[in-house]
Amino acid sequence: MFKNLPFFFFPIRLLCFWLVFFGMFRLWFVLWFHKDWSVEQPANVWWSFWYGLSLDISFAAYLMAIPLILWQIGIAWGKSGYTWINKGILCINVLLFSGFIFVFGANLFVYEEWHTPLNNRAVEYFKTPSALLDSMSFAFKAVCVALYACGIWMIWKIYQRIVGNTVYPSQSLSRWVALGFPIWLGLLVLAIRGGLGVMPINESAVYYSAHLFDNHAATNPGWSVGHSLVEARSTENRYKVMEDAVAQQRIENLKWGRLGEITYQFRKTEFTKDSVPLLKPVNLVFLMLESHTAQVIEELGGMKGVSPNLSRLIKEGILFENIYGSGYRTDQGLVSILAGYPAQPDQSIILLDDKASSLGSLPKLLKGNGYQSLFVYGGELTFANIGLWLTNQRFDKILSERDFTSEEKTQRWGADDQVVLQRMLQEINQLTPPFFAATLTLSLHPPYDVPFKSQWAANTDSEKFLNSAAFVDQALHKGLGAKHLASGPDFAFGNRRGGDVRFLAREAAARGMGLSIVPPVEQGGEALSSTRI
């Protein structure tokens, strides 16, 4: 039995080979672009080997799928099939590493020009190889061919050293060994999706640094280009309602020449430093309530009693009763709110990293004006790949489900809204003004498993949603509401000073808040007040 141990370790040996392969190219990438290291924390780039490991394992599992299935078929077939299947596995692996030597090498040259990892846009250029080759000198092409040949020879030697030329033992194995296939298949699927988390792995899982190059070093180029090819959707106009000739004719009819000369007069207002008061930087806090709806807000025609705390906030602030929505998914709304970018009909800008990273955004703008910034989300940043986009927006600190304890993760998606809002307040208290803080909630996302029971806590989906909406509303109060008030004995506010201490006591009791009446403090026989100070 012990003679067969190397045979049983074939999947592990193959995994190690691919991890070595990825590690070698990452080392080349890091050293080649040493000028792009962070000036403040240059050593931080070496953490890319650790943080990039999860994506490396996922991509290695994809590459191992066919060889592993053939390996198990050979076991079930018996010794008579060992030779042919062994050759098949060997040929597939050689073709794979030969192809990905080219891909990982191309990633270096693409990054040199675009400073983005290899993606589907770069692949488009390979559809016209003649034009691509014409742009290269003969010497450059000769060096590339020589490097590619040397790379294949070196990787082949490494493959022989780690995996070997044969994956079967010399003697026949019992076909009962093939029963282990479901176990290997399960481990393979687990590795591909990146673990047991709610969301499968994507590039966001390896983004660990505020310095973009560190994150690019941690990103597996093979996984990245494959993902971009899968996610890249057609840019075809799906809203074409007339023929091109008709559309062109209508445009011609709208040209100014057909309408005569049109003149405009603009009124210009003169502003001076005396006419416009200087505004001090203000602290900004955005609360983005995922999946929330007007159907549970009374002031917008929704059901009464579900969101009483939101109703109180509406009375104290400004409510936009009519507003255009941008998109129908969280990732589209997030970019719309934080970057002012409208949703696209059949794709999300978040998935187009090279384009999204070049767009402006509110966090970037505020960062350039001396703001500290914070983003808090109770779920996984791999959700819709938002972690990748958020990192590119130069947030000083981004918190997600991995920053909460297991006790705080009360929902399937992660930490509930009450926990998240309380954590946001704690983090805000540590920020230096001016600051910008944004929070994305998740408790209204199916399956509505909030740790809360209201009058709507039942088994139907609609009542589960109402129960979750009620939970979010009380989370806003408990997470952000005041816990205790302190007032002077003669404090008054509102129209004609109609709000007094008795009004405060009554309202505080209704909201479960404490109230302390502070006695007056005198100096020189006179009471101290803000006016006097």
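Residues numbered from 1 in each chain as written. Predicted model: local features only at pLDDT ≥ 70, side-chain atom pairs only at ≥ 80, totals over all residues. Heavy atoms only, no water.

A closer look at the pattern of salt bridges
If the charged atoms of two oppositely charged side chains come close together, the side chains can form a pair. Rules: Note on definitions: salt bridges are taken to be side-chain nitrogens of Lys or Arg within 4 Å of carboxyl oxygens of Asp or Glu.
If you walk through the whole model with that rule in mind, you get six salt bridges. Its salt-bridge partner being Lys409, residue Glu401 comes within 3.0 Å of it at the nearest N-O pair. A network of salt bridges, in which partner residues are shared, links Lys397, Arg423 and Glu427.

What about the packing of helix α5 (residues 82-114) against helix α8 (residues 138-162)?
For any two helices packed against each other, one specifies the inter-axial angle together with the distance between the axes. Stated precisely, the cut-off is as follows: Orientation is described by lines fitted to C-alpha atoms, with helices fitted over the stretch in contact, and by angles between N-to-C directions that extend from 0 to 180 degrees. Secondary structure counts use DSSP, requiring at least four H or I residues in a row for a helix and at least two E residues in a row for a strand, with both numbered from the N terminus. Roughly parallel refers to an angle under 35 degrees, roughly antiparallel to one over 145, roughly perpendicular to one between 65 and 115, and oblique to any angle outside these ranges. In this scheme the crossing of two helices becomes right-handed for a clockwise turn of the near helix relative to the far one and left-handed for an anticlockwise turn of less than a right angle. Whether two residues touch is decided by their heavy atoms; if any such pair falls within 4.5 Å, the residues are in contact. Polar here means any residue outside two lists: the nonpolar Ala, Val, Leu, Ile, Met, Phe, Trp, Tyr, Cys and Pro, and the charged Asp, Glu, Lys and Arg; Gly therefore counts as polar.
In contact at an axis separation of 10 Å, α5 and α8 are set at 135 degrees when each is read in the N-to-C sense. Accordingly, the angle class assigned to the pair α5 and α8 is oblique. The handedness of the crossing between α5 and α8 comes out as right-handed. On α8, the residues touching Leu90, Asn93, Val94, Phe97, Ser98, Gly99, Ile101, Phe102 and Phe109 of α5 are Phe140, Cys144, Tyr148, Gly151, Ile152, Ile155, Trp156 and Tyr159. Along the lines of polarity and charge, the residues of the contact of α5 with α8 split into 13 nonpolar, four polar and no charged.

Let's talk about a nonpolar patch on the surface
Threshold: Residues with no salt bridge and a relative accessible area higher than 30% make up the patches, which join like charges within 9 Å and nonpolar side chains (Val, Leu, Ile, Met, Phe, Trp, Tyr) within 5 Å. All accessibility values rest on the Shrake-Rupley procedure with a 1.4 Å probe; residue burial counts only the protein chains present in the view.
On the surface, a nonpolar cluster with roughly 410 Å² of combined accessible area is contributed by Trp28, Trp32, Val143 and Leu147. If you list the elements that add at least two residues to the nonpolar patch, you get α2 (10-32) and α8. Tracing the backbone through its elements, the reader meets Trp28 in helix α2.

Describing the confidence of the model for the protein
So the rule is basically this: Scored between 0 and 100, pLDDT is the confidence that the predictor attaches to each residue.
Summing up the model confidence of the protein, the mean pLDDT is 82 and the portion of residues at 70 or higher is 81%. Predicted confidence is poor over residues 1-5, with pLDDT under 50, and the contacts of this stretch with residues over four places away or in other chains come to three contacts.

Structural notes on the sheet that holds strand β3 (residues 397-399)
The following threshold applies: Strands were regarded as paired on the criterion that DSSP finds at least two bridges between them.
An order of β1-β4-β2-β3 is seen for the four strands of this open sheet, with the pairing classed as parallel. Each edge of the sheet is formed by a strand with only one pairing partner; in this case those strands are β1 (284-288) and β3. Neighbouring strand axes in the sheet, compared pairwise and without regard to direction, differ in orientation by 10 degrees on average. Where helix α15 (residues 330-339) meets the sheet, it contacts β1, β2 (372-377) and β4 (435-440), and its direction lies at approximately 160 degrees from that of β1.

Thoughts on the nonpolar core
This is how the line gets drawn: By convention a nonpolar core is built from buried Ala, Val, Leu, Ile, Met, Phe, Trp, Tyr and Cys residues, the set being connected through side-chain atoms within 4.5 Å. Per-residue accessibility, obtained with a 1.4 Å probe over protein chains only, is compared with the maximum for each type, and a residue is labelled buried under 20%, exposed over 50%, and partly exposed between these values.
The biggest cluster of nonpolar side chains holds 44 residues, and the ones touching the most others in it are Phe17, Trp18 and Phe21. Of all the secondary-structure elements, those providing two or more residues to this core are α2, α4 (53-77), α5, α8, α9 (181-193) and α11 (221-231). Ranked by residue count, the leading element in this core is α4, at 10 residues. Sequence-distant contacts of Phe17, defined by excluding residues within four places in its chain, comprise Phe97, Ile155, Ile158, Tyr159, Ile162 and Val163.

Notes on the packing of α2 against α8
Contact pair α2 / α8: the axes reach a minimum separation of 9 Å and the direction vectors enclose 150 degrees. Looking at the two axes, α2 sits roughly antiparallel to α8. Crossing of α2 against α8: the hand is right-handed. Side by side, α2 and α8 meet where Arg13, Leu14, Cys16, Phe17, Val20, Phe21 and Met24 of the first sit next to Met154, Ile155, Ile158, Tyr159 and Ile162 of the second. Here the contact of α2 with α8 is composed, by residue class, of 11 nonpolar, no polar and one charged.

Details of the packing of aromatic side chains
Formally: When the centres of two rings from Phe, Tyr and Trp lie within 6.5 Å, Trp using its six-membered ring, the rings pair. Their planes under 30 degrees apart give stacked, over 60 give edge-to-face, and anything left gives tilted. Look at NZ for Lys and CZ for Arg. If either is within 6 Å of the ring centre and within 35 degrees of the ring normal, a charge sits over the ring.
Summed over the entire model, instances satisfying the criterion amount to 35 aromatic pairs. Ring plane angle 75 degrees and centroid distance 6.1 Å describe the contact between Trp71 and Trp184, whose orientation is recorded as edge-to-face. Of this pair, Trp71 sits in helix α4 while Trp184 sits in helix α9, and the two are 113 residues apart along the sequence. Residue Trp184 is classed as partly exposed on the basis of its relative accessible area, which comes to 22%. The side chain of Lys87 reaches across the aromatic face of Trp84, ending 5.2 Å from its centre. Over the face of the ring belonging to Phe404 we find Arg423, whose NZ or CZ atom lies 5.3 Å from the ring centre.

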